[in-house]
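As a plain string of letters, each chain reads:
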Amino acid sequence: MSPPAVLFIRLHPPGDEREKARILALITAQIDAGCMVTVLTTTPCRPIFASLPVTLWGDGAPRGLLRLLELMRRLSWAQFSAVYDLDGRFRVRAYKWLVRPCPPWHRDATFRL
């Protein structure tokens with residue numbers, strides 16, 4: 001049986017070093033638990049996750065309806081066992097309603113900007 005796949009979504013840079021450390025600690029805990037971690041992010045956030053053994057998807061904020069639908073299809077087909085919203089913004093909350101079937105979606109207010 002393959003390890004569970006987990007998705008973290010972070011589209012905006014963290015506000016300070018303490019917030020960055022909390023984000024990295026949460027992701028590292030999932031890696032240590034044996035999960036296959038994917039991070040959906042944007043170009044400005046890529047360097048934050050570069051040192052981690054994760055799969056980076058850099059198209060987290062698509063422009064245009066077709067690109068949005070392609071991203072939602074890819075999220076659906078990846079069959080993540082859990083999704084962690086580290087952003088808490090409207091765009092990411094809307095993704096939850098567009099992805100079908102929807103995996104368990106976790107949102108932590110301590111990670112909001």
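Structure: above.
Residues numbered from 1 in each chain as written. Predicted model: local features only at pLDDT ≥ 70, side-chain atom pairs only at ≥ 80, totals over all residues. Heavy atoms only, no water.

Engineer: I keep staring at the packing of aromatic side chains and nothing clicks. Help me out?
Structural biologist: Here the distance between the centres and the angle between the planes together describe a pair of aromatic rings. Within the structure shown, the criterion is met by two aromatic pairs. Between Phe8 and Tyr84, the ring centres sit 4.9 Å apart and the planes meet at 15 degrees, which makes this aromatic pair stacked. Separated by 76 residues along the polypeptide, Phe8 in strand β1 (residues 5–10) and Tyr84 in strand β4 (residues 82–85) bring together distant segments of the chain. Each member of the pair, Phe8 together with Tyr84, is buried. Between the aromatic rings of Trp57 and Phe80, the centroid separation amounts to 5.8 Å while the plane-to-plane angle is 65 degrees, which identifies the pairing as edge-to-face. One end of the pair, Trp57, is in strand β3 (residues 55–57); the other, Phe80, is in the loop between α3 (65–78) and β4, and 23 residues separate them in sequence. Note on Phe80: relative accessible area 8%, which makes it buried. Its guanidinium or amino end placed over the ring of Trp77, Arg73 lies 5.1 Å from that ring's centre, counting from NZ or CZ. For the cation-ring pair, Arg74 lies above Trp57, with the distance from its terminal atom to the ring centre recorded as 4.5 Å. (Phe/Tyr/Trp six-rings, centres within 6.5 Å; stacked < 30°, edge-to-face > 60°. Helix = DSSP H or I, 4+ residues; strand = E, 2+ residues; numbered from the N terminus. Buried < 20%, exposed > 50% of the residue type's maximum accessible area, 1.4 Å probe, protein only. Lys NZ or Arg CZ within 6 Å of the ring centre and 35° of its normal.)

Engineer: Just checking my understanding: could you explain the pairing of strand β2 (residues 36–41) for this structure?
Structural biologist: Buried residues dominate β2, accounting for five of its six residues. In terms of strand pairing, β1 meets β2 through six bridges, oriented parallel. Across the sheet, Val6 pairs through a bridge with Val37, a residue of β2. For the segment spanning β1, helix α1 (residues 17–32) and β2, crossover handedness is right-handed. Pairing analysis gives three bridges linking β2 to β3, with the strands arranged parallel. (Pairing = 2+ DSSP bridges. Right-handed = clockwise from strand over helix to strand, strands pointing away.)

Engineer: Any chance you could explain the sheet that holds β4 here in plain terms?
Structural biologist: Adjacent strands of a sheet form backbone hydrogen bonds with each other and so pair up, either parallel or antiparallel. With parallel pairing, the five strands of this open sheet are ordered in space as β3-β2-β1-β4-β5. Both edges of this open sheet fall to β3 and β5 (105–107), since each of them pairs with a single strand only. Pairs of neighbouring strands in the sheet enclose a mean axial angle of 20 degrees, with direction left out of account. Looking at chain direction, β4 and β5 are connected through three bridges and run parallel. Counted as the bridge partner of Val83 is Trp105 from β5. Here α3 sits on the sheet in contact with β1, β2 and β3, set at roughly 155 degrees to β3. Of the strands in this sheet, β1, β2, β4 and β5 are in contact with helix α4 (residues 90–98), which crosses β5 at around 160 degrees. (Axes fitted to C-alpha atoms, helices over the stretch in contact; angles between N-to-C directions. Contact = heavy atoms within 4.5 Å.)

Engineer: Which parts of the structure should I look at to understand the pairing of β4?
Structural biologist: Where a strand is regular, its side chains alternate between the two sheet faces. With burial as the criterion, each face of β4 is covered, one bearing Ala82 and Tyr84 and the other bearing Val83 and Asp85. In this sheet, β4 lies alongside β1 in parallel orientation, the contact comprising four bridges. The residue of β4 that forms the bridge with Leu7 is Val83. With α4 bridging β4 and the parallel β5, this β-α-β connection has right-handed handedness.

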